[in-house]
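Architecture and fold: a report
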Amino acid sequence: QKCWDSPPITCIFCGMYTEGKLAVASSLLEELHTPMVLVADAHIGRLVRERQRRVALTVREYTAATPKLLPSDCEHDAVVLSHALARPSRIAAAMQLGTRLT
């Protein structure tokens, strides 16, 4: 379980089929404090909302090659559900912000 005094965490899921990403992310989202989910596809965003009704989360779609975090996102844990061909290292580099753990 995450210690609330630790820096925000970013978890990136790439290359898995949609159901696999959703299954892993669903269990993880229940453990994170005020999670934000960044999705590459609006359909996946709808599926996340349907499956995670008990968890207070924000779902945001990104349309660029890599998602970007806003300064206001610094306090939230982030879960990225990228498209199948995304490169995790590029996403991680683009999301470095403050003391965030990726």
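How each quantity is defined
- Residues numbered from 1 in each chain as written.
- Predicted model: local features only at pLDDT ≥ 70, side-chain atom pairs only at ≥ 80, totals over all residues.
- Heavy atoms only, no water.
- Pairing = 2+ DSSP bridges.
- Helix = DSSP H or I, 4+ residues; strand = E, 2+ residues; numbered from the N terminus.
- Axes fitted to C-alpha atoms, helices over the stretch in contact; angles between N-to-C directions.
- Contact = heavy atoms within 4.5 Å.
- Right-handed = clockwise from strand over helix to strand, strands pointing away.

Some words on the sheet that holds strand β4 (residues 78-81)
The pairing of strands in a sheet comes from backbone hydrogen bonds and takes either a parallel or an antiparallel form. One open sheet holds the four strands; their spatial order is β1-β4-β2-β3, and the pairing between them is parallel. Edge positions in the open sheet fall to β1 (10-13) and β3 (58-61), since each of these has one partner strand only. Neighbour-to-neighbour, the strand axes of the sheet open up by a mean angle of 15°, direction not taken into account. Most of the contacts of helix α1 (residues 18-29) go to β4, to which it runs at about 175°, and overall it touches β1, β2 (36-39) and β4. The strands touched by helix α2 (residues 42-51) within the sheet are β2, β3 and β4, with β3 carrying the most contacts at an inclination of about 170°.

Quick word on the pairing of β3
Two strands pair when backbone bridges link them, and β2 and β3 are joined in this way by four bridges, in the parallel orientation. Each bridged residue has a counterpart across the sheet, and for Val37 the counterpart in β3 is Val59. One crossover worth recording links β2 to the parallel β3 by way of α2, and it is right-handed.

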